[in-house]
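Structure assessment
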Amino acid sequence: MTLDHHDRADENRRQVLYWRLLARLFDPTEQPTLEAASLAVVEDLGLPAALLDPAVSVDTVVQRYPSLAAELRGLLTPAEHAPVADGTATPEPGPAEVRRAALVSKVLLNVFAAGTGPVSASELARWQSDAGWFEQALGAEPGELRRQGGTGLGGALAALEGDLVRRMHLREVLADPALASRLTPSMSLIEQLLRDKANLSGVALANAKALIRRFVDEVAEVLRTQVEQTSVGTIDRSVPPKRVFRNLDLDRTIWQNLTNWSPEDQRLYVDRLYYRRTARRTTPARLIVVVDQSGSMVDSMVNCTILASIFAGLPKVDVHLIAYDTQALDLTPWVRDPFEVLLRTKLGGGNDGPVAMAMARPKIAEPRNTVMVWISDFYEFDRSQPLFDGIEAVHRSGVRFIPVGSVNSSGQQSVNPWFRQRFKDLGTPVISGHIRKLVFELKSFLT
């Protein structure tokens, strides 16, 4: 494809903006030539100079220039472009692509040039807002990618946010209601609150609890939707169908009675009605969730605590919850309130899986009607064999045992290879990845 004079000029202007972006991302020091050239490009496009200032939030730009909001949403989603000579699709050079480069540069610079040193509550709130615009540019809802995590952009955003939270003087911020109100709860922030809650009191503790409660409610709403939308379960053929109109199988009824068709009367005489079987398993199921609350399992602790509370609200599901490090704690009395559960956890410390198993096994009443979910990285060191012996015994008794390495935001949980191989040999491979996998496994057993 040959570019004419105007196309080359637009391509050069676009490259100026991206070179300036790269320079600022890797070195916050301004490059005067690139800055001046970029400013000329932006002004020529009729865009505000604030797009080039990383100190100005995307929110501020949108408030001053509301028409830009629609352009920013979906900005980084795949666009339909006309095919060029070789059959590939590529953006045609032109003013529209130069304008897009200016907007893309703004969002990327504000999110990924997070700086170093102490962070204030206002700076964290501004970054969270800018990250929300970045997520919208990718076609997601604000906060969605950070909640999902993974090894891609979601994980990178969550890591950046975690670094900002660690650089903030959180205790001082929590002690000031005005500053605390600027915080948006996230997994990174909740992790810090849970780790530090023993050192908080008064106003700071109240503000910390309010943030935890908000986060729990937000995540619970997402997980509850996933549980409702996961369609699994098998029809129980042993239960006769209810003979009500909504269960009438009209197609089968007509097919089975075709021999009764009367050509003279032009009527189909029905000897028997057929109904669909809709009954599903109704035997009460017991769900035992055992969660490693050592420092490496924060995401799983939060997600699974909330998930356990959701399943505890289902009819005929008896949920028990145990958290452990070097000691085991039975949190079953509070299983329906994940907020109260999280306040009772103590993140950090070592692992002693056999202690947790000793508490969990007496809860098994009917093995074949019980599922045990064990969430851990399974780094037990000298207790590895005793824990696996207990797990193997539980599995062979008929309990549905589900080992979980990560139901995550990060998706990067390391699982002890020794355990991973033995679980595979046992026919119970480790679930690791997005929490939807665990939702499907649990719902298929419990409904």
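Please read all numbers here as calculations on a predicted model, not as lab measurements. (Residues numbered from 1 in each chain as written. Predicted model: local features only at pLDDT ≥ 70, side-chain atom pairs only at ≥ 80, totals over all residues. Heavy atoms only, no water.)

1. Details of the overall build of the protein
The helix and strand tally for the protein stands at 19 helices and eight strands. The burial tally for the protein puts 47% of its 447 residues in the buried class. By sequence separation, contacts in the protein at least 24 residues apart represent 75% of the contacts at least 6 residues apart. Element-wise, carbon and sulfur atoms account for 53% of the exposed surface of the protein, whose accessible area totals about 22,300 Å². (Helix = DSSP H or I, 4+ residues; strand = E, 2+ residues; numbered from the N terminus. Buried < 20%, exposed > 50% of the residue type's maximum accessible area, 1.4 Å probe, protein only. Contact = heavy atoms within 4.5 Å. Areas by Shrake-Rupley, 256 points an atom, 1.4 Å probe, with all protein chains shown as cover.)

2. Brief notes about unusual backbone geometry
Not every positive phi belongs to a glycine, and Phe 378 is a case in point at roughly 60°. Relative to the elements of secondary structure, Phe 378 occurs in the loop between strand S6 (370-375) and helix H17 (384-396). Not every positive phi belongs to a glycine, and Phe 381 is a case in point at roughly 60°. Tracing the sequence through the fold places Phe 381 in the loop between S6 and H17. For Phe 381, a relative accessible area of 64% corresponds to the exposed category.

3. Structural notes on the environment of Ala 49
Relative to the elements of secondary structure, Ala 49 occurs in the loop between helix H2 (32-44) and helix H3 (58-64). For the pair formed by Ala 49 and Leu 39, sequence separation is ten residues and the distance between their alpha carbons is 6.6 Å. Not counting chain neighbours up to four residues away, the residues in contact with Ala 49 comprise Leu 39 and Val 42.

4. Details of the pattern of salt bridges
Under the defined criterion, the tally for this structure stands at 19 salt bridges. Here Arg 14 makes a salt bridge to Glu 11, at a shortest N to O gap of 2.7 Å. Linking Arg 14 with Glu 11, this pair stays in helix H1 (residues 5-26), spanning three residues, or about one helical turn. On the basis of relative accessible area, Glu 11 is assigned to the buried category, the value being 19%. Among the salt bridges present, the one from Arg 171 reaches Asp 196, with a minimum N-O distance of 2.7 Å. Of this pair, Arg 171 sits in helix H9 (residues 170-174) while Asp 196 sits in helix H11 (residues 187-196), placing them 25 residues apart in sequence. According to the relative accessible area criterion, Arg 171 is partly exposed, its value standing at 44%. (Salt bridge = Lys/Arg side-chain N within 4 Å of Asp/Glu carboxyl O.)

5. Some remarks on the pairing of strand S4 (residues 317-324)
Burial analysis of S4 places seven of its eight residues in the buried class, which makes it a mostly covered element. The sheet contact formed by S4 and strand S5 (residues 328-330) spans three bridges and is antiparallel. Bridging across to S5, Ala 323 finds its partner in Leu 329. A loop of three residues connects S4 with S5, the two strands running antiparallel in sequence. (Pairing = 2+ DSSP bridges.)

6. Focus on the pairing of S6
As a general feature of sheets, a regular strand has side chains that alternate between the two faces. Most of S6 sits inside the fold, with six of its six residues counted as buried. Across the two faces of S6 the burial is the same, with Thr 370, Met 372 and Trp 374 and Val 371, Val 373 and Ile 375 all buried. Taken together, the six bridges between strand S3 (residues 285-292) and S6 define a ladder with parallel strand orientation. Counterpart to Val 290 in the pairing with S6 is Trp 374.

7. Description of the confidence of the model for the protein
Of all residues in the protein, 83% have pLDDT values of 70 or greater, and the mean over the chain is 81. Low pLDDT, under 50, characterises residues 80-89; the predicted model gives this stretch twelve contacts beyond four residues in sequence or across chains. Contacts from residues 232-239, a stretch scored under 50 in pLDDT, to residues over four places away or in other chains number 18 contacts. (pLDDT = per-residue confidence, 0-100.)

8. Concerning the nonpolar core
Counting 91 residues, the largest nonpolar core has Leu 174, Leu 183, Leu 193, Leu 287, Val 373 and Leu 442 as its most contacted members. If one sorts the elements of this core by residue count, helix H12 (residues 202-229) sits on top with ten residues. (Core = buried A, V, L, I, M, F, W, Y, C linked by side-chain atoms within 4.5 Å.)

9. Side note on the packing of aromatic side chains
Remark: the centre distance and the inter-plane angle together describe each pair of aromatic rings, the angle taken between the planes. As enumerated under the stated definition, the model contains ten aromatic pairs in all. Pairing Phe 378 with Phe 423 gives two aromatic rings, centres 5.0 Å apart and planes at 70°, and the pair type is edge-to-face. With Phe 378 in the loop between S6 and H17 and Phe 423 in helix H18 (residues 417-426), this pair connects stretches of sequence that are 45 residues apart. An aromatic cluster of three or more residues is present, and its members are Phe 378, Phe 388, Phe 401, Trp 418, Phe 419 and Phe 423. (Phe/Tyr/Trp six-rings, centres within 6.5 Å; stacked < 30°, edge-to-face > 60°.)

10. A look at H2
With 13 residues, H2 should cover 18 Å at 1.5 Å per step; its first-to-last C-alpha distance of 18 Å lies within 8% of that length. Restricting attention to buried positions, one finds in H2 the residues Glu 35, Ser 38, Val 41 and Val 42. Projected down its long axis, H2 shows its buried positions confined to an angular sector of 130°, all on one face. Counted as exposed and oriented over 90 degrees from the buried face of H2: Pro 32, Thr 33, Glu 43 and Asp 44. Backbone geometry just downstream of H2 places Gly 46 in the positive-phi region, at approximately 80°. (Expected span 1.5 Å × (residues − 1). Arc of directions from axis to C-beta.)

11. A look at helix H6 (residues 121-137)
Compared with the 24 Å implied by 1.5 Å per residue over 17 residues, the 24 Å span of H6 between its first and last C-alpha is a close match. Three or more residues of H6 are buried, namely Ala 121, Leu 124, Trp 127, Gln 128, Asp 130, Ala 131, Gly 132, Trp 133, Phe 134, Glu 135, Gln 136 and Ala 137.

12. With respect to the packing of H17 against H18
Interhelical geometry of H17 versus H18 gives an angle of 20° and a closest axis separation of 12 Å. Here H18 runs roughly parallel to H17, going by the angle between their axes. In the packing of H17 onto H18, the handedness of the crossing is right-handed. On the side of H17, the interface is formed by Ser 384, Gln 385, Leu 387, Phe 388, Ile 391, Glu 392, His 395 and Arg 396, while H18 contributes Trp 418, Phe 419, Arg 422, Phe 423 and Leu 426. Residues belonging to the contact of H17 with H18 are distributed by class as follows: seven nonpolar, three polar and three charged. (Axes fitted to C-alpha atoms, helices over the stretch in contact; angles between N-to-C directions. Parallel < 35°, antiparallel > 145°, perpendicular 65-115°, else oblique. Left-handed = near helix turned anticlockwise from the far one by under 90°. Nonpolar A, V, L, I, M, F, W, Y, C, P; charged D, E, K, R; others polar.)

13. Observations concerning the side chain of Glu 135
Here Glu 135 is to be found in helix H6. A polar contact of 2.5 Å, which involves the side chain of Glu 135, links it to the backbone nitrogen of Gly 143. Apart from the residues lying within four places of it in its own chain, the contact partners of Glu 135 are Ala 140, Glu 141, Pro 142, Gly 143, Glu 144, Leu 145, Arg 146 and Leu 157. (Polar contact = N/O pair within 3.5 Å; in protein donor to acceptor, adjacent residues only side chain to side chain.)

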